[in-house]
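Listed below, chain by chain, are the residues.
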Amino acid sequence: MRKFYSFFVVALVAIFAHTASAQYTMGDYTVSPASGATVKSIENVTVAFKGLADGIDAHINPSNAGQYINITSADGDVYKPTSFKAGIGSSIDNLDLTFPAITKAGTYTLTIAAGVVKDYDQAETADEGEQYSVNGEITATYTIEQTYMNVWTLDPASGSELTSISKITIAFPETMNRDGIDEYSSPESNITLTCGDKVYKPQSSRLLDDYYTAELTFETITEPGEYTLHIPADVYKEFDTYENESANPEIFAFYTIKETLGIEDVAVGANKASNVYDIYGRTVLRNANADAVNSLESGIYIVNGKKVLIRK
């Protein structure tokens, strides 16, 4: 009889524990835009949880949210949230995410790691023995449809690690069959390359002879850091029409300049002739003397086989 009673008590406790745990589960939610949606861009995503006692709390900081929340493209590009809010204002059951506007055609996957948010009720009623109630892993997939202007390539490609930045080209290959692109909204004024508080603008912008590639020239930037290229919407438009869908969407690209080891300030003897190349291997000077070498613009060069840094 005692064994039966013990079994009955254990079973009863298990039932109540399961019921309490189920009551505070975070497995009931909706994602907006819905997983599987075809969209023009991805920027704002909301996860709305249902059936919570007092809303949700985030124990991931906005500054490190990118370690736990991201959107990845089929090409391997990774986008991290720029804004992260949970349980704010009237939307106490929502996790609100903002990303840099993603507009390039392709398929994308949103991933939210398990344990990013928790049910407020757990913190308030832990003494009642309820299990810690957090979200499980959440994923959603999206497709951005291809248009003439949301297919582009960048050189250097977004995500590149560089020793300097002086020139960036962007090509819209789908426009080549409809006569290419036109500069429409002052690229030199509107396009920016930022690193922290520093903002760089192109010194010049021109269309190449193929008419679907634009070349942006910056002052040579060598300072180590994380750089963001921002091309606003409507800077370039496809020749065939000037309707909204024929203009470029908002474009972001990300670059890292790493500190280069082994670079020396150039010291060329007065009587020594030098062959000088840029970091891409292109000839800058041939059989040049010290005055010619030292008159070059600031930047990194290969002088007589050695990587050197010319400062002004």
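Residues numbered from 1 in each chain as written. Predicted model: local features only at pLDDT ≥ 70, side-chain atom pairs only at ≥ 80, totals over all residues. Heavy atoms only, no water.

1. Here's the deal with the overall build of the protein
A tally of helices and strands in the protein yields four helices and 27 strands. Residues classed as buried in the protein amount to 38% of the 312 residues present. Considering only contacts in the protein between residues 6 or more positions apart, those separated by 24 or more positions represent 63%. Element-wise, carbon and sulfur atoms account for 48% of the exposed surface of the protein, whose accessible area totals about 17100 Å². (Helix = DSSP H or I, 4+ residues; strand = E, 2+ residues; numbered from the N terminus. Buried < 20%, exposed > 50% of the residue type's maximum accessible area, 1.4 Å probe, protein only. Contact = heavy atoms within 4.5 Å. Areas by Shrake-Rupley, 256 points an atom, 1.4 Å probe, with all protein chains shown as cover.)

2. So, the pairing of strand E22 (residues 251-257)
A regular strand places its side chains so that they alternate between the two faces of the sheet. Most of E22 sits out of view: five of its seven residues are buried. Note that strand E20 (residues 225-231) and E22 share seven bridges and pair antiparallel. Its bridge partner being in E22, Leu229 is matched across the sheet by Ala253. (Pairing = 2+ DSSP bridges.)

3. Observations regarding the pattern of salt bridges
Should their charged atoms come close, side chains of opposite charge can pair. Here the structure, examined in full by the defined rule, presents six salt bridges. Lys258 is paired through a salt bridge with Glu161; the nearest N and O atoms lie 3.3 Å apart. In this pair, Lys258 sits in the loop between E22 and strand E23 (264-265) while Glu161 sits in strand E13 (residues 161-162), placing the two residues 97 residues apart along the sequence. On the accessibility criterion, Lys258 (44% relative accessible area) is partly exposed. (Salt bridge = Lys/Arg side-chain N within 4 Å of Asp/Glu carboxyl O.)

4. A closer look at the sheet that holds strand E1 (residues 29-32)
If you walk across this open sheet you meet the four strands as E1-E3-E8-E7, and the pairing is antiparallel. Of all the strands in the sheet, just E1 and strand E7 (83-88) have a single pairing partner and so form its edges. Here the average twist between neighbouring strands, direction ignored, is 15 degrees. Two strands pair when backbone bridges link them, and E1 and strand E3 (residues 42-49) are joined in this way by four bridges, in the antiparallel orientation. Looking across to E3, one finds that Thr30 is bridged to Ala48. (Axes fitted to C-alpha atoms, helices over the stretch in contact; angles between N-to-C directions.)

5. Topic: unusual backbone geometry
In the segment running from Ser32 into Pro33, the intervening peptide bond is cis, with an omega of 0 degrees. Following the sequence through the fold, Pro33 ends up in the loop between E1 and strand E2 (37-39). Residue Pro156 is bonded to the preceding Asp155 through a cis peptide linkage, with omega at 5 degrees. Tracing the backbone shows Pro156 in the loop between strand E12 (153-155) and E13. Non-glycine residue Tyr211 carries a positive phi angle of around 70 degrees. Structurally, Tyr211 can be placed in the loop between strand E18 (204-207) and strand E19 (213-221). Tyr211 gets classed as partly exposed once you look at its relative accessible area, which sits at 45%.

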